[in-house]
Number of protein chains: 2
Amino acid sequence: MNLILFALPETQIPLPRSDPRARHLTEVLHCEPGSTFDAGLIGGTHGKGTLRSMDAASLTLTFTWNPAPIPAPEPLTLIVGLPRPQTARDLLREMSSLGVAALHFVATEKTEPSYASSKLWSTGEWQRHLITGAEQAFTTLLPEVTWGRALAEVISALPAADSRVALDNYEAANPLSAFPALAQPGLTVALGPERGWSATDRTQLRAAGFTLAHLGTRVLRVETAAIAAVAVVWAARRRM
Amino acid sequence: MNLILFALPETQIPLPRSDPRARHLTEVLHCEPGSTFDAGLIGGTHGKGTLRSMDAASLTLTFTWNPAPIPAPEPLTLIVGLPRPQTARDLLREMSSLGVAALHFVATEKTEPSYASSKLWSTGEWQRHLITGAEQAFTTLLPEVTWGRALAEVISALPAADSRVALDNYEAANPLSAFPALAQPGLTVALGPERGWSATDRTQLRAAGFTLAHLGTRVLRVETAAIAAVAVVWAARRRM
């Protein structure tokens, strides 16, 4: 944790000693009463936290927040075929670190439907991985996340003006880096599930204005392909 | 495993049932006598393997190899501050998948010396992760790997004509994507260890002709930064 994130209501009550942030403050940062640390409000400003006092049950913290305006999220939407939960955990954390604005895990013909009923989703655990990624990256902004909706439904809800590119190792003629609209705001990049797009998926994507593009001849893990795709977009925007 | 890799001597003797490749052939691919599978020679050609027979102890395989020439590795050398073993495992696998030519894990002022005595290195386990990454990516080429040498020693052994860029969140003025020589053959990219470069490291790097460049304002895990850096280079070369 390079930054410790809090939801606004959490800043107004004592932090239980059992909370991982309390353990981080006492066991990793070795905070004592009077110590300060880098803190952020989820979706809000950065600032400093101060440990005021601690007892067996909780830590009492106070905060001062910077008046600086909150930066807008970088306009990039990622659609990914719903992966196995461990892959989804890695994607949630890394896409949050890299700063995509929205992340939609979609059902396609070749996704495994049971993945949508994982406790990752049903317990809200998914939010924790977003926060871990943001804390690593020293940001307070979390991506918007959805899961389990059909590819067609997510596509139909995209802003009409967005540029659209789908990654495909098999039928794409050009690399992602050659897609002309990478640097324009309003871009959606779609990655297939582990087993790839079906013919029906490709027809839907093309009908919705997606251009197919590839990430080279090598078959990459979904997590690696997602990081690489975002890096290619950030490079085109000279952010990386 | 999208491709099953063998060292040449291994293709001339039965494959023990205890070998992970034997288990993959029988339990995942459900091969039976007569079944064929995608095979490769490490550092060599692609081809097809055929399961001829199997008994309780081993599988008997035969191979036919394509006459196609072996592609040269993509000219990119990566230097990384020696990380904790789990991070090194991920880097070995992913850099092999992405196809860097050489990967040097170096000792710097802020690396933890004990990491170099991990069993990852002493037992040769590191090679297994390279092979896993290559099998994922459907390639027979493995990066050249070294570990534990000092940064200065690795730098001094680089080809004099190589372009050189070092990633640094703190002192770099421009993003990696703006570095002019990304697309030229003979490029070395250096990433610091988890705790960053020291002042001495930066002095050494600058004296050796490295330009400092950044990957944005967000603090990324070393594994993520390495994948992103390679993606930025591959994008400049229109390979991704």
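Residues numbered from 1 in each chain as written. Chains lettered and ligands numbered in written order. Predicted model: local features only at pLDDT ≥ 70, side-chain atom pairs only at ≥ 80, totals over all residues.

Listed per partner, the contact involves 29 residues of chain B and 29 residues of chain A. Elements with a contribution of two residues or more to the side of chain B that touches chain A: helix H2 (85-98), helix H4 (125-137) and helix H7 (222-236) of chain B. When residues in the side of chain B that touches chain A are grouped by element, the largest group, 7 residues, is from H7(B). By residue class, the composition of the side of chain B that touches chain A is 16 nonpolar, 8 polar and 5 charged. (Contact = placed C-beta atoms within 7 Å. Helix = DSSP H or I, 4+ residues; strand = E, 2+ residues; numbered from the N terminus. Nonpolar A, V, L, I, M, F, W, Y, C, P; charged D, E, K, R; others polar.)

Attention now goes to the pairing of strand E5 (residues 58-65) of chain A. All names here are of chain A. As judged from the 2 bridges shared by strand E2 (residues 15-16) and E5, these two strands associate in the antiparallel manner. Bridge pairing in E5 links leucine 15 to leucine 59. Bridge count between strand E4 (residues 46-54) and E5: 7 bridges; the pairing is antiparallel. Residue pairing for E5: threonine 50 is matched across the bridge by threonine 62. Where E4 hands over to E5, the hairpin turn is made up of 3 residues, counted between the paired strands. (Pairing = 2+ DSSP bridges.)

Okay, helix H1 (residues 20-28) of chain B next. All names here are of chain B. Taken as a whole, H1 has its buried residues at Arg21, Ala22 and Leu25. Considered in projection along H1, the buried side chains sweep an arc of 105 degrees and stay on one side of the axis. When the buried face of H1 is taken as reference, the exposed residues oriented beyond 90 degrees from it are Pro20, Arg23, Glu27 and Val28. As for H1, its buried residues are in contact with strand E1 (4-6), strand E2 (15-16), strand E3 (36-41), strand E4 (46-54) and strand E5 (58-65). Directly beyond the C-terminal end of H1, a positive phi value near 50 degrees is found at histidine 30. (Buried ≥ 20, exposed ≤ 12 C-beta atoms within 10 Å, placed from the backbone. Arc of directions from axis to C-beta.)

This next bit is on the pairing of strand E6 (residues 74-81) of chain A. All names here are of chain A. Buried residues dominate E6, accounting for 6 of its 8 residues. Sheet analysis places E6 next to strand E7 (residues 100-107), joined by 6 bridges and oriented parallel. Within E7, the position partnered with threonine 77 by the bridge is alanine 102. Between the parallel pair E6 and E7, the chain is carried across by helix H2 (residues 85-98), and the sense of this crossover is right-handed. Examined bridge by bridge, E6 and strand E10 (residues 187-191) share 4 bridges and lie parallel to one another. Across the sheet, the residue bridging to threonine 77 is threonine 188, located in E10. (Right-handed = clockwise from strand over helix to strand, strands pointing away.)

Turning our eyes to something else, we now look at unusual backbone geometry. Residue and element names in this part refer to chain A. Positioned with a positive phi, phenylalanine 138 is a non-glycine residue whose angle comes to about 65 degrees. With respect to the secondary-structure elements, phenylalanine 138 resides in the loop between helix H4 (125-137) and strand E8 (144-150). Of the residues examined, phenylalanine 138 has 17 C-beta atoms within 10 Å and is grouped as partly exposed. Backbone geometry at arginine 238 places phi at a positive 55 degrees, although glycine is not the residue there.

Another point: the environment of A:Phe179. Residue and element names in this part refer to chain A. Tracing the chain through its elements places phenylalanine 179 in the loop between strand E9 (163-167) and E10. A sequence separation of 34 residues divides phenylalanine 179 from alanine 213, and the C-alpha atoms of the two residues are 7.5 Å apart. Leaving out residues up to four positions away in the same chain, phenylalanine 179 has contacts with Val165, Thr211 and Ala213.

Residues and elements named next belong to chain B. Read from one edge to the other, the open sheet built from 5 strands follows the order E1-E3-E4-E5-E2, with strand pairing classed as mixed. With partners counted over all chains shown, the strands left at the sheet margins are E1 and E2, one partner each. Pairing between E3 and E4: 5 bridges, direction antiparallel. By the bridge assignment for E4, threonine 36 is matched with threonine 50.

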